[in-house]
Amino acid sequence: MEPKKNHIQQTMESLDGMTQATANPFLYDKVMNRMRNAGQSQMVKPATLRVAFAIAVIVIGVNVFSLLHFNGSSSAGQSNAFQKEYFSYITNF
Amino acid sequence: MSEASFISQLREGDQSAYKELVKQFGNKVHNTVIGILQNEEDAEDITQEVFIEVFRSVHGFKGESTLSTWIYRISVVKSLEFLRKKKRKKRFAIVQSLFGMESVLPALDKPHFYHPGVQLENKELSAILFTAIDQLAETQKTAFVLHKVEGLSYAEIADIMKTSVPSVESLMFRAKQNLQKLLADYYNKHEK
């Protein structure tokens, strides 16, 4: 029991007299580099967002246009075809 | 130069003030971060992030605490955030591996961490102690690292953790108790 207690005590005291870990000597340059890179990517962001927004508007516009235009015309086409077929049936009868 | 004028230089984006700040606090931040993260590479990365955060938010620094306290606070917050993120990733990797998805399981046994500032004769024992420190609750771990690794006083730690000195005393007392229990378990397992 006693040796274990000693071990624990020694381990608890193992940080006594330790010195500070030193930072990378190029820390300032590294920080500045990262800040510059982050700034550049932030500059790019609004441009890419604008392009993405423009693409989204075009896609939605095309969809809405085709829905309104072609949907209406195809149903009219269908009813015309039905009309023709119906009347040709009556006249033949 | 007074702290107020130094802070106003930092706010103006003065590069020489930035350099001076890194010179003054580089080791302090790195030592704190490495004590909490127990990994050299991660510590280097987070140390850089701390200074980026300091430069970006110095405009919002109200001066309610000293610059030193504020920087230590950012260091602790960033380190703990990083550890939480790492733990989440580890859990996600475990879940993925349970469902047979392609994910490499992280090593369960963390390798021993050797703090570069520990005296050579204490290297092995301190590595065992750091493994135990890593198992403490966040607040106990923070108080213990700031006191034992960074050498701050209880009053300074209280300012950084936005608490009272008696609270820090209590945190340290519980941290030491828990560490002794963890070490007892460790030596029970390894000395049979």
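The shown structure was predicted, so the numbers you read here are calculated from the model rather than taken from an experiment.

A. Geometry of the overall build of chain B. Scanning chain B for helices and strands turns up 8 helices and 0 strands. When its helices and strands are written in sequence order, chain B yields α-α-α-α-α-α-α-α. Each principal axis of the C-alpha distribution contributes one length, and for chain B these read about 60 × 40 × 30 Å. Taking all 192 residues of chain B together, the buried fraction comes to 32%. In chain B, of all internal contacts separated by at least 6 residues, the share reaching a separation of at least 24 is 58%.

B. Main features of the overall build of chain A. Check the secondary structure of chain A and you find 2 helices and 0 strands. The 93 residues of chain A split such that 10% are buried.

C. Layout of the nonpolar core. All names here are of chain B. One finds Val 22, Val 33, Ala 132, Ile 133, Ala 143 and Ile 157 to be the most contacted residues of the largest nonpolar core, which totals 48 residues. For this core, the element with the highest residue contribution is helix H2 (residues 15-37), accounting for 10 residues. Taken together, domain 1 (1-104) and domain 2 (112-192) each give at least three residues to this core, which thus spans both. Other than its neighbours up to four places away in sequence, Ala 143 contacts Ile 157, Met 161, Val 168, Leu 171, Met 172 and Ala 175.

D. Examining the domain arrangement of chain B more closely. Residue and element names in this part refer to chain B. In terms of domains, chain B is made up of domain 1 (1-104) and domain 2 (112-192). Taking only C-alpha atoms into account, the centre of domain 1 sits 20 Å from that of domain 2. Contact residues are listed per partner, giving 14 residues for domain 1 and 13 residues for domain 2. Broken down by secondary-structure element, the contributors of at least two residues to the side of domain 1 that touches domain 2 are H2 and helix H4 (67-98).

E. How the structure looks around unusual backbone geometry. All names here are of chain B. Backbone geometry places Gln 38, a non-glycine residue, at a positive phi of 55°. Along the polypeptide, Gln 38 turns up in the loop between H2 and helix H3 (40-57). The exposure class assigned to Gln 38 is buried, which follows from the 22 C-beta atoms found within 10 Å. Of note in this structure, Lys 162 is not a glycine but carries a positive phi near 50°.

F. Looking closely at H2 of chain B. Maximum bend of H2 of chain B: about 50°, positioned at Phe 25 of chain B. Positive phi appears at Gln 38 of chain B, one or two residues downstream of H2 of chain B, with a value of about 55°.

G. Summary view of the packing of H2 of chain B against helix H6 (residues 138-149) of chain B. Residues and elements named next belong to chain B. Direction vectors running N to C along H2 and H6 enclose 130°, while the axes themselves pass 10 Å from each other. With respect to H6, the axis of H2 lies oblique. H2 and H6 meet at a crossing whose hand is right-handed. Between H2 and H6, the residues in contact are Asn 31, Thr 32, Gly 35 and Ile 36 and Lys 141, Thr 142, Val 145, Leu 146 and Val 149, respectively.

H. Local environment of the confidence of the model for chain B. Averaged over every residue, the pLDDT of chain B is 91; residues scoring 70 or more account for 94%. Among the scores for the predicted complex, ipTM is 0.84 and pTM is 0.77.

I. A look at the packing of H3 of chain B against H4 of chain B. Residue and element names in this part refer to chain B. The N-to-C vectors of H3 and H4 enclose an angle of 130°; their axes lie 9 Å apart at closest approach. In terms of axis orientation, H3 runs oblique to H4. Remark: the crossing between H3 and H4 carries right-handed chirality. Facing H3, whose interface residues are Asp 42, Ile 46, Glu 49, Val 50, Glu 53 and Val 54, H4 presents Ile 71, Ile 74, Ser 75, Lys 78, Ser 79 and Phe 82.

J. Spotlight on the interface of chain B and chain A. Of the residues lining the interface, 30 residues belong to chain B; the matching set on chain A comes to 22 residues. Broken down by secondary-structure element, the contributors of at least two residues to the side of chain B that touches chain A are H2, H3, helix H5 (123-133), H6 and helix H8 (165-190) of chain B. The leading source of residues in the side of chain B that touches chain A is H2 of chain B, at 7 residues. Looking at the side of chain B that touches chain A residue by residue, the classes come out as 15 nonpolar, 12 polar and 3 charged.

K. Structural detail: H4 of chain B. Residues and elements named next belong to chain B. Here H4 contains 32 residues, and its C-alpha end-to-end distance of 47 Å stays within 8% of the 46 Å for a straight helix at 1.5 Å per residue. For H4, the full list of buried residues reads Trp 70, Ile 71, Tyr 72, Ser 75, Val 76, Lys 78 and Ser 79. Residues of H4 that are buried in the fold lie against H2, H3, H6 and helix H7 (154-160).

Procedures and definitions
Residues numbered from 1 in each chain as written. Chains lettered and ligands numbered in written order. Predicted model: local features only at pLDDT ≥ 70, side-chain atom pairs only at ≥ 80, totals over all residues. Helix = DSSP H or I, 4+ residues; strand = E, 2+ residues; numbered from the N terminus. Buried ≥ 20, exposed ≤ 12 C-beta atoms within 10 Å, placed from the backbone. Contact = placed C-beta atoms within 7 Å. Core = buried A, V, L, I, M, F, W, Y, C linked by C-beta atoms within 7 Å. Domains from an automatic or database assignment. Bend = angle between axes of the 7 residues up to and from the residue. Axes fitted to C-alpha atoms, helices over the stretch in contact; angles between N-to-C directions. Parallel < 35°, antiparallel > 145°, perpendicular 65-115°, else oblique. Left-handed = near helix turned anticlockwise from the far one by under 90°. pLDDT = per-residue confidence, 0-100. Nonpolar A, V, L, I, M, F, W, Y, C, P; charged D, E, K, R; others polar. Expected span 1.5 Å × (residues − 1).

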